[in-house]
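# Descriptive analysis of the structure
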Amino acid sequence: MSKRLNLLPVHAGGRCRAAFMPDGSCALSCGTDAFVLAHDSSKVTKTVHKPTRVARILDEQIESINAIAIAPNGWGFATGDDEGRVRLFSLPQEGSIDWDSDESGIQSVPFMVRFSGAIRALDFSPTGNAFIAAGEEPGVIKMINRTNMRNHTIFRGSGGETQEDAIDALAYDPLGDFIVSVGERGGVCVWSIGNQEVVTAVELGGKKATSVSWHPNGDSFVVGTEGGIQFISRDSWRVLSSGDVNSGQFIGAIVQSVDWSGSGEYVLCGDSTGQCMLIDAGKKTILDRWSADLPIQFVRWNPASNSFLALDNQGQACMFHDAVAEHMPKAYNLLPGGPQRKDARTTQPANMAGDSEDEEVKTPSRRKRLRKKEETHASEGSVVDDGSLSPYSLNEEAILEEPSAEYVGTRKSKSHKRQLAGHEIVSVSPFMPSATPLSSRSRKRIMCWNRIGVIVVFNEETHQSIEVDFNDQGKRPFRFIDHFGK
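All of the points below concern the structure found in this document. (Residues numbered from 1 in each chain as written. Predicted model: local features only at pLDDT ≥ 70, side-chain atom pairs only at ≥ 80, totals over all residues. Heavy atoms only, no water.)

### Some remarks on the nonpolar core
Membership of the largest hydrophobic core comes to 20 residues, with the highest contact counts inside it found for Val-86, Leu-88, Phe-111, Phe-115, Leu-122, Phe-124 and Phe-131. Taken together, the elements giving at least two residues each to this core come down to strand 7 (65-70), strand 9 (85-90), strand 10 (107-114), strand 11 (119-124), strand 12 (130-135), strand 13 (140-145) and strand 14 (148-156). Within the second largest apolar cluster, 19 residues are counted, among which are Ala-19, Val-54, Ile-62 and Phe-89. (Core = buried A, V, L, I, M, F, W, Y, C linked by side-chain atoms within 4.5 Å. Buried < 20%, exposed > 50% of the residue type's maximum accessible area, 1.4 Å probe, protein only. Helix = DSSP H or I, 4+ residues; strand = E, 2+ residues; numbered from the N terminus.)

What follows is the structure, encoded as structure tokens:
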């Protein structure tokens, strides 16, 4: 006999998402009511669940907040809404946070990413220095690095409807090399961060995927599907044995959300019949289950305690404590040798301007390598294949300044250009009237680039797509297809 989940109303009905603070003290949730709510882990019980409305982030023009993610190093969080906007908020690094106070210390970061459709998915990199976003804009993922937030690396799928589908879920590889996406039609794609392209589309035997979560050490990931869950190997990107997990357990059910515990020992899933299941990831067996009256649309483990948060389709929430029996391995301690989400040797998250040298010395060597990898990926993404700099690496000051002698003298150095694009202001002339040259090595060509914005053409083999982006991030970019310009 399954246990009951006592879910209580917190959001309006519809899509809801949540994320935990790195120390597990609080979870933030969002929903179609456009509110972000704080759930204090120490105050939530089986009968009392009264979240606090987070101040300073409300906007009367927002109809729905569809996605939320918190940086693993705790510096801040990001939200994505129906208007195609991604917003960032920094959190105070000392003392407790009074979420409902205007003096809480939560600050809106003067930065915003725009998409041509609603945002559905967000995730941060393992170090928290980069984040990815996607949604209704077909086959497009944007990655932004904190050290240069005007620099957008754009991933664009171009290999059929699986790669060019709207994206419902994202998961950033704990080792920093890949992104896994789940499309609106249920396809799963693995993207290379270094090459900014799809590595493979994962074959699930005809089943449609709904959600995805990486193992903490990055050697595999789990996918929620129609009729069960699937474990995918990093080595081959193929389905591993699911043991007895799917044997008659999900008849007529769609697994709507999955999450791997911080220790890597367990997988938690919620399905369309209102069940939450605790699964032994090693033995592939079901250890426990809980039931609710309505479908469970989202589940998330607390990274620092033996508890989880569940949300149903009507916006009701429940934080269940003591999820794993005492005699069982813990759910929240990281595996030996696994990626460190928040290491005790790190004194304090870096400020918005980037990491200082003192902080770099105190950060573990593995964390340094991940940060260097993210910065390299971001900077490489801003250099097109013909050697010219992408306009996405500019900011307003750079557009108005003349080229410096130092920059002109080292213009031919590719590594120097990448360093400038990733970490410094790139000084260019105020106007570049000519298009970038045609190149067989690059499918991207800049047709126009000035103070107003940029027009970029992408060769998609069967057609071309034209993207217009503005330097004023308050203006929405747009994209259209050209079948006659080949």
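That covers the picture; the talk isn't over yet.
### Regarding the environment of Ala-69
Tracing the backbone through its elements, the reader meets Ala-69 in strand 7. Ala-69 gets classed as buried once you look at its relative accessible area, which sits at 6%. Along the backbone, Ala-69 and Leu-28 are 41 residues apart, and their C-alpha atoms lie at a distance of 8.5 Å. Once you skip the residues sitting within four places of it in the chain, Ala-69 turns out to touch Ala-19, Phe-77, Ala-78, Leu-122, Asp-123 and Phe-124. (Contact = heavy atoms within 4.5 Å.)

### Some thoughts on the packing of aromatic side chains
Two measures describe an aromatic ring pair: the distance that separates the ring centres and the angle between the ring planes. Evaluated as defined, the whole model comprises 14 aromatic pairs. Note on Phe-124 and Phe-131: the rings are 5.6 Å apart at their centroids and 50 degrees apart in plane angle, and the pair reads as tilted. Of the residues examined, Phe-124 reaches a relative accessible area of 5% and is grouped as buried. Taken together, Phe-178, Trp-214, Phe-221 and Trp-237 form an aromatic cluster joined through their ring pairs. Cation over ring: Lys-142 sits above Phe-115, and NZ or CZ is 4.7 Å from the ring centre. Above the face of the Trp-75 ring, Arg-146 is positioned so that its terminal group lies 4.4 Å from the ring centre. (Phe/Tyr/Trp six-rings, centres within 6.5 Å; stacked < 30°, edge-to-face > 60°. Lys NZ or Arg CZ within 6 Å of the ring centre and 35° of its normal.)

### With respect to the side chain of Thr-127
Topologically, Thr-127 is positioned in the loop between strand 11 and strand 12. For Thr-127, the side chain forms a polar contact with the main-chain nitrogen of Asn-129, separated by 3.4 Å. (Polar contact = N/O pair within 3.5 Å; in protein donor to acceptor, adjacent residues only side chain to side chain.)

### Some remarks on the pattern of salt bridges
For the structure on display, the rule yields 11 salt bridges. Close ionic contact of Arg-120 with Glu-184 constitutes a salt bridge, the shortest N to O distance being 3.2 Å. Of the two residues, Arg-120 sits in strand 11 while Glu-184 sits in the loop between strand 16 (178-183) and strand 17 (188-192), which places them 64 residues apart along the sequence. Assessed through its relative accessible area of 14%, Arg-120 is described here as buried. The class of Glu-184 is partly exposed, set by a relative accessible area of 48%. For Arg-300, the salt bridge identified is with Asp-259, shortest N-O distance 3.0 Å. Note that Arg-300 is positioned in strand 27 (residues 296-301) and Asp-259 in strand 23 (residues 255-260), a separation of 41 residues in sequence. Each of Arg-120, Glu-136, Asp-168 and Glu-184 takes part in a single network of salt bridges with overlapping partners. (Salt bridge = Lys/Arg side-chain N within 4 Å of Asp/Glu carboxyl O.)

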